[in-house]
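Structural features, examined
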Amino acid sequence: MYLQRRNRILRQSSAIRSLVAETQLTPNDFIVPLFIIEGEDDSSEIASMPNYYRRSVDLTVKEVKELWQMGLKSVLLFVKSRDELKDNKGTEALNPNGLMQRSIKAIKDAVPEMLVMTDVALDPFSSFGHDGIVENGEIVNDATVEVLAKMSVSHAEAGADFVAPSDMMDGRIGAIRKALEESNYTKTGIMAYSAKYASCFYGPFRDALDSAPGFGDKKTYQMDYANRIEAVKEAQMDVEEGADIVMVKPALSYLDIIREVKTSVNVPVSCYNISGEYAMIKAAAKMGWIDEDKAILETLTSMKRAGADLIATYFAKDAVRLIS
Ligand code: PBG
């Protein structure tokens, strides 16, 4: 048979495949989410996230040192607030001595070069488990944005390099940028969860922080998964309002959104390989139905191929081990 082109020529050995591979994962691609609890020398495995842990501040610092040595350069902090500290206004989120603020300081003291990003939303501090203030059964926008701006300044004051608002209130990026500027935090970045969808795959995360909404769902602020164009609008508005990095979340069911956003904005795009995506791979691997390591590499590569410059993932350490 005569063929002018034989596409398999470029696939015939691992050497040629690696030469022509369009996408390569490196440790520079990853953001490592960390769950932090009160206490000392304490850690507990998250039931729906096997081999992923909540850790006290001291053990978190130990982990961060290890991450830095592995070549990982950024962490994204989430704290599990005590129930008695929760209220409707997220008061504890602004405590200069709160768990988040203490964690930021401890990490920056121990590993100054590690980029510390912090979650900005009220849910871990809310007695209702919602990302904003609740009035008459509604999550109110403008009053919430005021708290989020103060929370961001508080994180910057503690030493955060980036604040990462994950709440999906309108106008929060502009308000946060203004608050940071007015407080003279001119080096603090904003990674905006711009296109964050109301997803069933957040379940294990809400177990980790005990932050499931006490009533209703998050559909009046997080996006409808039926929509694509709306994600572009959200990302473009966040860039105009001052976001340095925009994020698409979740990742795996939203690869088309990552690509769409990537071609529509001129800032780096991140995606969040979320807790339910982690849990699915862990569960199927445990059953012996898929190869865990291969599934990790294939899914993370698909996110980068889709256009993600950065990937927040619970598999960061596994990925670094697998690619080195
Ligand atoms: C809440 C927040 C959530 C996640 C990150 N920040 C959950 C939610 O919106 O209910 C989910 C992350 C994950 O599932 O891994 N502000």
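Per chain, the residues get numbers from 1 upward, laid out in the order the sequence is written. Residues qualify for local features only when their pLDDT is at least 70, as the model is predicted, and side-chain atom pairs are given and counted only at 80 or more; totals for whole chains, interfaces and linings, by contrast, use all residues. To obtain the side-chain values, all non-hydrogen atoms of the structure were included, while hydrogens and water were left out.

What to know about the overall build of the chain
Strands are runs of DSSP state E lasting at least 2 residues, helices are runs of H or I lasting at least 4, and numbering of each runs from the N terminus. Within the chain one finds eleven helices and twelve strands. Relative to the globule expectation of 20 Å for 324 residues, the C-alpha radius of gyration of the chain, 20 Å, shows essentially globular dimensions. Considering the chain as a whole, with its 324 residues, one finds that 53% of them fall into the buried category. Two residues qualify as a contact provided that any one of their heavy atoms is within 4.5 Å of a heavy atom in the partner residue. For the chain, the share of sequence-separated contacts (at least 6 apart) that also reach a separation of at least 24 residues comes to 74%. Summing over all exposed atoms, the chain offers an accessible surface of approximately 15,200 Å²; the carbon and sulfur share of this is 50%. In summary, the charge assignment counts Lys and Arg as positive and Asp and Glu as negative, without counting His or the chain termini. Charge placement uses NZ in Lys and CZ in Arg. For Asp and Glu, CG and CD serve respectively. Here the chain contributes 38 positively and 48 negatively charged side chains, and the mean placements of these two sets differ by 8 Å. Based on C-alpha atoms, the radius of gyration is set beside the globule rule, defined as 2.2 Å times the residue count to the power 0.38. Here the term buried applies to any residue with accessible area under 20% of the maximum for its type, exposed to any over 50%, and partly exposed to those in between, with areas from a 1.4 Å probe on protein chains only. Per-residue accessibility takes into account occlusion by the displayed protein chains alone, with areas from the Shrake-Rupley method and a 1.4 Å probe.

Things to note about the site of the ligand
For this purpose, a residue is taken to be near a molecule or strand whenever a single non-hydrogen atom of the residue falls within 4 Å of it. Surrounding the ligand, one finds 17 residues, the nearest of these being Arg 206, Lys 218, Lys 249, Ser 275 and Tyr 314. In protein, a polar contact means a hydrogen-donor-capable atom and an acceptor-capable atom, both N or O and within 3.5 Å, with residues adjacent in sequence counting only if both atoms are side-chain atoms; elsewhere, any N or O pair within 3.5 Å suffices. Lys 196 has a polar side-chain atom sitting 2.8 Å from an oxygen atom of the ligand. Here an oxygen atom of the ligand and a side-chain polar atom of Tyr 314 are 2.6 Å apart. Contact with the protein chains removes 100% of the 400 Å² of surface that the ligand exposes when unbound. Taken together, the residues that form the shell around the ligand break down as seven nonpolar, three polar and seven charged. When residues are sorted by character, Ala, Val, Leu, Ile, Met, Phe, Trp, Tyr, Cys and Pro go into the nonpolar class, Asp, Glu, Lys and Arg into the charged class, and all the rest, Gly among them, into the polar class.

Examining the packing of aromatic side chains
Pairing of aromatic side chains here covers Phe, Tyr and the six-membered ring of Trp, requires ring centres within 6.5 Å, and sorts the geometry by plane angle: under 30 degrees stacked, over 60 edge-to-face, intermediate tilted. The full count for this structure, using the stated rule, is 14 aromatic pairs. The interplanar angle of 85° and the centroid separation of 5.0 Å between the aromatic rings of Phe 78 and Phe 205 together place this pair among those described as edge-to-face. Here Phe 78 is found in strand E4 (residues 74-79), whereas its partner Phe 205 is found in helix H6 (residues 203-209), with 127 residues between them in sequence. For Phe 205, a relative accessible area of 12% translates into the label buried. For a Lys NZ or an Arg CZ to count as sitting over a ring, it must be within 6 Å of the ring centre and within 35 degrees of the ring normal. Above the plane of the ring of Tyr 202 lies Lys 196, whose end atom (NZ or CZ) is 5.3 Å from the centre.

Looking at a nonpolar patch on the surface
What goes into a patch is any residue over 30% in relative accessible area without a salt bridge, connected to like charges within 9 Å or, for nonpolar side chains (Val, Leu, Ile, Met, Phe, Trp, Tyr), within 5 Å. The salt bridge definition used is simple: a Lys or Arg side-chain nitrogen within 4 Å of an Asp or Glu carboxyl oxygen. Together, Ile 9, Leu 10, Leu 19 and Val 20 make up a nonpolar patch on the protein surface, roughly 390 Å² of accessible area in all. You can see Ile 9 is positioned in the segment before helix H1 (14-20). The class for Ile 9 is partly exposed, based on a relative accessible area of 47%.

Quick notes on helix H7 (residues 229-241)
An α-helical turn contains 3.6 residues, so any two residues separated by three or four positions project in the same direction. Between the first and last C-alpha of H7 there are 19 Å, a value that for 13 residues agrees with the 18 Å anticipated at 1.5 Å per step. Those residues of H7 hidden inside the fold are in contact with helix H5 (172-182), strand E9 (189-196), strand E10 (245-249) and helix H8 (255-262). Of the residues one or two after H7, Gly 242 is the one with positive phi, at around 120°. The span one expects for a helix is its residue count, reduced by one, times 1.5 Å.

Some points on helix H4 (residues 141-158)
For H4, spanning 18 residues, the distance from its first C-alpha to its last is 26 Å, which sits close to the expected 26 Å at 1.5 Å a residue. At its buried positions, H4 is contacted by helix H3 (99-110), strand E5 (115-120), strand E6 (133-135), strand E7 (138-140), strand E8 (162-165) and H5. At the exit of H4 stands Gly 159, carrying a positive phi of roughly 115°.

Details of the pairing of E10
Remember that side chains alternate between the two faces of the sheet whenever the strand is regular. For E10, the tally of buried residues reaches five of five residues, placing the bulk of the element in the interior. Here, a strand pair is defined by DSSP locating no fewer than two bridges between the strands. In terms of strand pairing, E9 meets E10 through five bridges, oriented parallel. Opposite Ala 195, over in E10, you have Val 248 as the bridge partner. Judged from the three bridges that link them, E10 and strand E11 (residues 269-273) form a sheet pairing that is parallel. The residue of E11 that forms the bridge with Val 248 is Cys 271. We call a crossover right-handed when, viewed with the strands running away from us, the connection from the first strand over the helix to the second turns clockwise. Handedness of the crossover is the feature at issue here: the chain leaves E10, passes through H8, returns alongside E11, and the resulting connection is right-handed.

Some details on the pattern of salt bridges
Going through the model one piece at a time under the given rule, you end up with 19 salt bridges. Between Lys 178 and Glu 182 there is a salt bridge, and its shortest N-O distance comes to 3.3 Å. Here Lys 178 and its partner Glu 182 are both found in helix H5, four residues apart, which amounts to about one turn of the helix. The residues Lys 178 and Glu 182 share a single accessibility class, namely exposed. Beyond isolated ion pairs, a larger network of salt bridges with shared partners links Arg 55, Glu 63, Glu 66 and Lys 317.

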